[in-house]
Amino acid sequence: MTKDWTLEREFAGMLTELLSRGFEAPLYAACIAVNGAVLVVRYEWSSSHEGLDVEMLAEHAMGEGLMMKLPLNIMFTDGRGEAARVVVHAPENTEWVH
């Protein structure tokens, strides 16, 4: 594992991939961790249209340290109803299911 790996960087790569696949903002992500922690967010283009702004819609953390434990299942959808599922099994071990 690279010491610079973070879930935030992993998400940035996922969003870039989704946009390259034709997904359109707003994008929604529902994340469910193996320990029951949940996070739901919406990504919209920033006012300058140079990046995405994120808004937290829901969150729930459980267990030790109140953190999301891997593996992490993520469902992405866009405003047109396109969907993709990604599983983060471990740092630098991400699987695109759809």
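This text follows the structure it describes.
Residues numbered from 1 in each chain as written. Predicted model: local features only at pLDDT ≥ 70, side-chain atom pairs only at ≥ 80, totals over all residues. Heavy atoms only, no water.

Participant: Give me the lowdown on the overall build of the protein chain, citing residues and values where you can.
Facilitator: Secondary structure assignment for the protein chain yields one helix and six strands. Each helix (α) and strand (β) of the protein chain, taken in turn from the N terminus, gives the series α-β-β-β-β-β-β. For the protein chain, buried positions account for 26% of its 98 residues. With the model as given, the accessible surface of the protein chain reaches about 6,100 Å², and the carbon-plus-sulfur share is 54%. (Helix = DSSP H or I, 4+ residues; strand = E, 2+ residues; numbered from the N terminus. Buried < 20%, exposed > 50% of the residue type's maximum accessible area, 1.4 Å probe, protein only. Areas by Shrake-Rupley, 256 points an atom, 1.4 Å probe, with all protein chains shown as cover.)

Participant: Can you lay out the packing of aromatic side chains for me, pointing to particular residues and giving the numbers?
Facilitator: Inspection of the entire model under this criterion finds one aromatic pair. In this arrangement the basic side chain of Arg21 is found over the ring face of Trp96, its NZ or CZ atom lying 4.4 Å from the centre. (Phe/Tyr/Trp six-rings, centres within 6.5 Å; stacked < 30°, edge-to-face > 60°. Lys NZ or Arg CZ within 6 Å of the ring centre and 35° of its normal.)

Participant: Quick rundown of the side chain of Asp78? Include the residues and the values.
Facilitator: Position of Asp78 relative to the elements: it lies in strand S4 (residues 72–78). When its relative accessible area of 5% is taken as the criterion, Asp78 is described as buried. In terms of polar contacts, Asp78 uses its side chain to reach the backbone amide nitrogen of Arg80, at 2.9 Å. Here Glu82 takes part through its backbone nitrogen, which lies 3.0 Å from a polar atom of the side chain of Asp78. When near neighbours in sequence (up to four residues on either side) are disregarded, Asp78 contacts Gly22, Phe23, Glu24, Pro26 and Leu27. (Polar contact = N/O pair within 3.5 Å; in protein donor to acceptor, adjacent residues only side chain to side chain. Contact = heavy atoms within 4.5 Å.)

Participant: Just give me the short version of the pairing of S4, but keep the residues and values in it.
Facilitator: Burial of the side chains of S4 is restricted to one face: Leu72, Ile74, Phe76 and Asp78 are buried, whereas none of Asn73, Met75 and Thr77 on the reverse face is. Bridge count for strand S1 (residues 27–33) against S4 is seven bridges, and the pairing is antiparallel. Paired with Ile32 across the two strands is Asn73, which belongs to S4. The pairing of S4 with strand S5 (residues 83–90) spans six bridges and is antiparallel. Looking at the pairing, Thr77 lines up with Ala83 of S5. Between S4 and S5, which pair antiparallel one after the other, the connecting turn spans four residues, and Gly81 there sits at a positive phi close to 95 degrees. (Pairing = 2+ DSSP bridges.)

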